[in-house]
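Architecture at a glance
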Amino acid sequence: MKTLARSHPLWLAHVLHRLSGLALALFLPVHFWVLGLALTDPAMLDGFLAFAAHPLVKLAEFGLVFLLAVHAFGGLRLLALEFLPWRAPHKTAAALALAGSFGVAMTFLLQVI
Amino acid sequence: MAAVLQVTVHRGTAGARRAERFEVPSEANQTVLDVVSWIQQNADPTLSYRFACRVGMCGSCAMMVNGVPRWTCRTHVQKVVDRGRNGGRDGGRIEIGPLANLPVIKDLAVDMAPFFDKWVAAGAHHHPTATRADAPSPVRPDSAAREVANAGIECINCAVCYAACDTVAHNPDYLGPAALQRAWTLLNDDRDGGHEAILDAVSGFGGCHNCHSIGSCTLRCPNELDPMTAIAGLKRASARRVWRRG
Amino acid sequence: MLDVRLYLAQRITALLMVPFVLVHLAVIVWAVQGGLTAAEILSRTQGSPFWMLFYGGFVVAASVHGAIGLRVIAHEWLGLRGRVLGGLTLGLGLVLLGLGMRAVIAVVVA
Amino acid sequence: MARTGEIDRHDTDILILGSGGAGLVGALHALKAAPGGTRVTLAVKGLVGKCGCTRMVQGGYNVALGGGDTVERHFMDTIIGGKWLPDQDMAWRLCSTAPERIRELENEVGCFFDRNPDGTLHQKAFAGQTADRTVHKGDLTGIEIINRLMEQVLARGVDKLEDHRAIGLIPTRDGAALAGVLMIDMRTGRFRFVRARAVLMATGGGPTMYRYHTPSGDKTMDGLAMALRLGLPLRDMEMVQFHPTGLLAGRHTRMTGTVLEEGLRGAGGQLLNHAGQRFMFDYDVKGERATRDVVSRAIYAEMRRNTHPDQEGVFLSMAHLGPENVARKFRGMVKRCADCGFDLAGGRVEVVPTAHYFMGGVVVDVDTRTALEGLYVAGEDAGGAHGSNRLGGNGVANSTVFGGVAGDVMAADLRGMTALRDPDPAVLDAEMARALHPLGRKPGLVQPLRTRLQDVMWDHVGVMRTRAGLETGLAGIAGISAEMMEVGVAADELAFNLTWHDWLNLRSLCDISEVIARAALARENSRGAHYREDFPDDGGLEASDFTVARHLGGALEVTREAVTFSIVRPGETILPAGAPETLVAAP
Ligand SMILES: Cc1cc2nc3c(=O)[nH]c(=O)nc-3n(C[C@H](O)[C@H](O)[C@H](O)COP(=O)(O)OP(=O)(O)OC[C@H]3O[C@@H](n4cnc5c(N)ncnc54)[C@H](O)[C@@H]3O)c2cc1C
Ligand code: HEM
Ligand code: SF4
Ligand code: F3S
Ligand code: FES
């Protein structure tokens, strides 16, 4: 049967939040490992950072920052929903969270380029 | 030429599912339940399904209609039919399956036992503080708590929300939106003496904290109830209690 | 597969991370101007008790939060439960914490 | 068809058939009153709490709770409403127990009924009542009552036999007591025989043999048909209550016949005939606000006069009250109509009288005992409490009051009934053979026969009756009854085979339809719901009698018994001298 039935704004927000959380959680060890290089092999860290100047890698970093922003704002939306006893239009909150994330990520992108 | 609905019905028992096509005469004022009944009464007498009241009160006729859980006795065919490319001049298409997230008994009839077992597990029944010898306790209908309790009281336990919820689908222990909403109603009922028991019941590993606020429950509830907001209330109440207790 | 305690742990760490994330993002945006070198990063952070606390707290919160988050996903998408799920939660938490602390020490202390 | 041999067995102490108001309250009372360890089993044709009519109750629950109203007043309204035919002791038990039961529902079961602004219970007046007496939860009272009862029952340890259809009451070999109940486990299609020391039958009647009817689809007179076969006496079987305003939406939809609530007329809704004219004032000074039986007959008469080819019923029109106003006041009803494509608030909706409630039933005493040891009957299956007409709001009071009485009495009687009894194997075999009958025959369509029965009953045994019509009706019923025995059901898939159950439903309906027509033929006067055009007078209240039908040696016999005026005689009252006629403020 068709699965389109589930695609409403809050469902999409949930999926986005989950995927971003998952990606962050998977990326985090890598991030830590790279920074940990400073301890053992600062040269390698520099090498990595040089590699990170590559535009493609920059784009990937942009993605990560974007994910963090998406996840953080989405999370704030959820926290507000759960802890503030309001009945605000949740769809609007979801949209605002997404807009905020874009804002942050775009700023980052503009800075990098 | 009279319009004919092209109906796909998902049939069989748990182990052996199949889809079958039927052509059903299209009528004015026809509900999805009427379509299913027509098939059983005229085309295939072995088709199994469940209904009772036929007016949206018993909550036993819910099915998946074009992938969406709905009460079928009050779902007008014209509101859900897929008209296709020629604008439905041929009558349109409709796909009907058993309610999701519950075990199938046969064809369109599901076993609602897990849904009600969880209702019980959520502590969702009144815990008396008075007896038949006492007068009904005075309750101001406009008091804040009563208004919250009233918001969810008209649930007909149709399990539409339960079928719509992805968390239920993936987390077999999750109590689900309807049972939790009922728990929240009781928690706001001043006459109920089991608030601690209810909070215990909804704070465990299958409890309210598994809800991701996906909101499909609220979107699909045919009675326009809002289990998502009720569950958020439970999360607050149980969190506050942990705080208090330390 | 969350009870009220795991839930609270996840939500509280989420709240804690809000300032961390914002500052971290701001720092990155500010720092990346004109490229990034190891020396730059280290000169900013090394020996600073503030950054020590900042990143230390961030790592603890992220480890707890991330481990619980992955636990939920592992249950819902992979069907893990019981001991296995508990072990996975703890394991992921420790891995994140270990690597994270190593990174903090590298960046702040060493 | 080797299924006769495969029969599952189950033993219990108390068996309850049906999970409406009577069945569920019965179960709770039995659990509470019986000694610990007593097994209580609840068997139901659908799911516990999700079938039957109690759930469909809209208007509310009659109970005298003071504020000027008294049990005596409630009792007098019930007797006068029932046109002096009620069993007065039962009516008194109903009215006098209702206050305790409503407090039990509120305080112990957890129902929440609507309040006045000051926090006290809100009560309103249904037609035919002389006090604001009806307790309610919006216009969804039944959902609140049944959901709360269901929660309590589920949370306790009852054995559930869901999707179990009772098909035969099986006596002991000597016929002196009930041994147990034969059922079909609908999920598997297998037989199950349940032995019990005490059985409460609460399957809720249900006059669904009429073209237009309100009850839920699971109700098909199974209980009364089983009691009839067992030889038990049934009373008041001609008394079918029609609700004046059922939705008319065509034969192809199950919505047809469902109730448009009484309150719509009370609030000023108008009935218009095919010519678009109001007609109720031609029949009664109260116009649209007259009682159910009067309005039903008026609509039926207008329908007969109608010559419009495309229109069968009359129209209910609310628009003059202001569509927004109507939509606000009758939110549920307006939404229900809108879901099905009708504009109740702003347009007109075609309506027709619709069979609603069955006053007739098994003869029982005030303690729900029947003539057979071990069998108890409560709720709509039991006759006597309402006489010829049930007041709106007395139905759910009746089922919850007597369901509770049955639970208590069964628990007490268990002490004298220590052993399970063995069934008469001949009856058991005969009942199985009855159910298996269609499986050996060439499959055919069952629904057209049901439709024909519904036409016959509506046309000839319906709102207005005559001797000639009733005789035509009886011939029609006999024809359909015989024809259905030739219609088979494919036997290869018996699990959840609704068509087999449709056949069994039709069997019960045919059997009871015949009793209704015969009892109607026997009553040559007009009382309450029963109206004979050839005998329009009431036959004299002092000489009131009620019909009793029973199967004797394979033949149906209808006799008449005098009503005992054990508490009050026609023309008298038990209200104190000088009590006002009504406490209800004029609308
Ligand atoms: C639309 C509607 C509105 C109503 N409104 C009001 C109102 O406002 N006020 C009022 O007082 N009354 C009202 N009534 C009447 C009231 O509903 C009934 O009087 C009362 O509920 C009957 O209760 P019961 O327990 O006897 O039967 P039900 O509640 O009908 O329950 C019967 C039970 O028996 C089961 N059953 C049937 N056959 C079998 C079988 N063969 N084997 C096993 N189980 C079986 C059914 O599935 C069901 O569970 C209304 C009725 C209808 C239809
Ligand atoms: C300001 C920062 C953050 C906030 C406000 C936040 C908030 C939240 C919230 C409220 C949830 C629960 C969602 C739900 O139950 O549906 C959640 C889940 C999750 N978070 Fe975060 N989070 C933040 C940062 C992070 C970081 C840095 C990581 C990386 C480790 C992360 C990983 C996850 C994961 C994996 C989940 C589970 C997703 C799911 O269940 O769908 N989060 N977060
Ligand atoms: S909350 Fe709504 S969808 Fe869920 S069971 Fe209740 S009535 Fe049905
Ligand atoms: S859809 Fe499910 S996840 Fe929560 S908000 Fe509703 S219960
Ligand atoms: S049949 Fe009762 S809700 Fe649909």
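Heads up: the structure comes first, above all this text.
Residues numbered from 1 in each chain as written. Chains lettered and ligands numbered in written order. Predicted model: local features only at pLDDT ≥ 70, side-chain atom pairs only at ≥ 80, totals over all residues. Heavy atoms only, no water.

1. Some points on the overall build of chain A
Secondary structure summary: chain A contains 4 helices and 0 strands in total. Seen in sequence order, chain A has helices and strands lined up from the N terminus as α-α-α-α. Out of the 113 residues in chain A, the part that is buried amounts to 41%. The contacts in chain A between residues at least 6 apart in sequence include a share of 71% that link residues at least 24 apart. (Helix = DSSP H or I, 4+ residues; strand = E, 2+ residues; numbered from the N terminus. Buried < 20%, exposed > 50% of the residue type's maximum accessible area, 1.4 Å probe, protein only. Contact = heavy atoms within 4.5 Å.)

2. With respect to the site of ligand 1
Residue and element names in this part refer to chain D. Around ligand 1 lies a shell of 37 residues, among which C53, T54, D218, K219 and G395 are the nearest. Within the side chain of D222, one N or O atom sits 2.9 Å away from a nitrogen atom of ligand 1. E380 places a polar main-chain atom, nitrogen or oxygen, 2.8 Å from an oxygen atom of ligand 1. Considered on its own, ligand 1 offers 1000 Å² of accessible surface; in the complex 98% of this is hidden by protein. Of all the elements in the fold, those that place two or more residues in the shell around ligand 1 are α1 (21–33), β7 (164–171), β14 (348–358) and α10 (394–413). Among the elements that line the shell around ligand 1, the one with the most residues is α10, at 4 residues. (Near = heavy atom within 4 Å. Polar contact = N/O pair within 3.5 Å; in protein donor to acceptor, adjacent residues only side chain to side chain. Areas by Shrake-Rupley, 256 points an atom, 1.4 Å probe, with all protein chains shown as cover.)

3. Quick word on the sheet that holds strand β15 (residues 361–362) of chain D
All names here are of chain D. The 4 strands are arranged β15-β10-β17-β18 in an open sheet whose pairing can be described as antiparallel. Each end of this open sheet is capped by a strand with a single partner; those strands are β15 and β18 (555–562). When strand β17 (residues 545–552) meets β18, the two strands line up antiparallel, connected through 8 bridges. Considered in β18, the bridge of F546 is made with E561. Relative to the sheet, helix α14 (residues 498–522) contacts β10 (234–235), β17 and β18, its axis offset from that of β18 by approximately 45 degrees. (Pairing = 2+ DSSP bridges. Axes fitted to C-alpha atoms, helices over the stretch in contact; angles between N-to-C directions.)

4. What about the coordination of the iron atom of ligand 2?
At 1.9 Å from the iron atom of ligand 2 lie its protein donor atoms, namely H71 of chain A (NE2) and H65 of chain C (NE2). Coordination geometry of the iron atom of ligand 2: the 6 donor atoms subtend angles of 87 to 179 degrees at the metal centre, consistent with an arrangement described as octahedral. Highlighted residues: H71 of chain A in helix α3 (residues 55–83) and H65 of chain C in helix α3 (residues 49–78), drawn from two different chains. The class of H71 of chain A is buried, set by a relative accessible area of 15%. (Donors = N, O, S within 2.8 Å, 3.2 Å for Na, K, Ca; no water. Tetrahedral: all angles 85-135°; square planar, octahedral: opposite > 155°, others 65-115°.)

5. Side note on the interface of chain A and chain C
With 30 residues of chain A in contact, the opposing surface of chain C contributes 34 residues. Summed over both sides, the interface between chain A and chain C buries roughly 2800 Å², with carbon and sulfur atoms accounting for 79% of that surface. Across the chain A-chain C interface, the total number found is 2 salt bridges. Between R11 of chain C and E82 of chain A there is a salt bridge, and its shortest N-O distance comes to 2.9 Å. Inspection of the chain A/chain C interface yields 3 residue pairs in polar contact (both at pLDDT 80 or more). Of all the elements in the fold, those that place two or more residues in the side of chain A that touches chain C are α1 (9–40), α2 (42–51), α3 and α4 (90–112) of chain A. Looking at which element gives the most residues to the side of chain A that touches chain C, the answer is α1 of chain A, with 14 residues. Looking at the side of chain A that touches chain C residue by residue, the classes come out as 22 nonpolar, 5 polar and 3 charged. (Buried area = accessible area lost by both parts, 1.4 Å probe. Salt bridge = Lys/Arg side-chain N within 4 Å of Asp/Glu carboxyl O. Nonpolar A, V, L, I, M, F, W, Y, C, P; charged D, E, K, R; others polar.)

6. Notes on the site of ligand 2
Close contacts around ligand 2 come from 22 residues, with H17, R18 and H71 of chain A, H212 of chain B together with H65 of chain C the closest. Bordering ligand 2 are residues originating from chains A, B and C. One nitrogen or oxygen atom from the side chain of H71 of chain A is found 2.7 Å from a nitrogen atom belonging to ligand 2. One of the side-chain nitrogen or oxygen atoms of H65 of chain C is found 2.7 Å away from a nitrogen atom of ligand 2. Sorting the residues of the shell around ligand 2 by element identifies α1 and α3 of chain A together with α1 (4–31) and α3 of chain C as the ones contributing at least two each. Top element by residues in the shell around ligand 2 is α1 of chain A. It accounts for 7 residues. Of the residues in the shell around ligand 2, the class split is 11 nonpolar, 9 polar and 2 charged.

7. Focus: the state of the cysteines
Within this structure, the stated rule accounts for 0 disulfides over all chains. Of all cysteine sulfurs in the structure, the one in C211 of chain B sits closest to C208 of chain B, which takes part in no disulfide; the separation is 8.3 Å. (Disulfide = S-S within 2.5 Å.)

8. Here we look at the interface of chain D and chain B
Tallying the contact residues gives 70 residues for chain D and 67 residues for chain B. On the chain D side of the contact with chain B, K50, N107 and R254 of chain D bury the most area, a combined 14% of that side's loss. One can count 8 salt bridges joining chain D with chain B. Ionic pairing is found between E151 of chain D and R182 of chain B, a salt bridge with its closest N-O pair at 2.6 Å. Across the contact surface, chain D and chain B share 45 residue pairs in polar contact (both at pLDDT 80 or more). Looking at the side of chain D that touches chain B, the elements with two or more residues in it are α1, α3 (88–109), α4 (141–155), α9 (331–339) and α14 of chain D.

9. Here we look at the pattern of salt bridges
Inspection of the entire model under this criterion finds 70 salt bridges over all chains. In this structure, the salt-bridge partner of E493 of chain D is K106 of chain B, at a minimum N-O distance of 3.6 Å. Of the two residues, E493 of chain D sits in the loop between α13 (467–484) and α14 while K106 of chain B sits in strand β6 (residues 104–106), which places them in two different chains. Using a relative accessible area of 3% as the deciding quantity, one classes K106 of chain B as buried. The salt bridge partner of R191 of chain B is D189 of chain B, with a shortest N-O separation of 2.9 Å.

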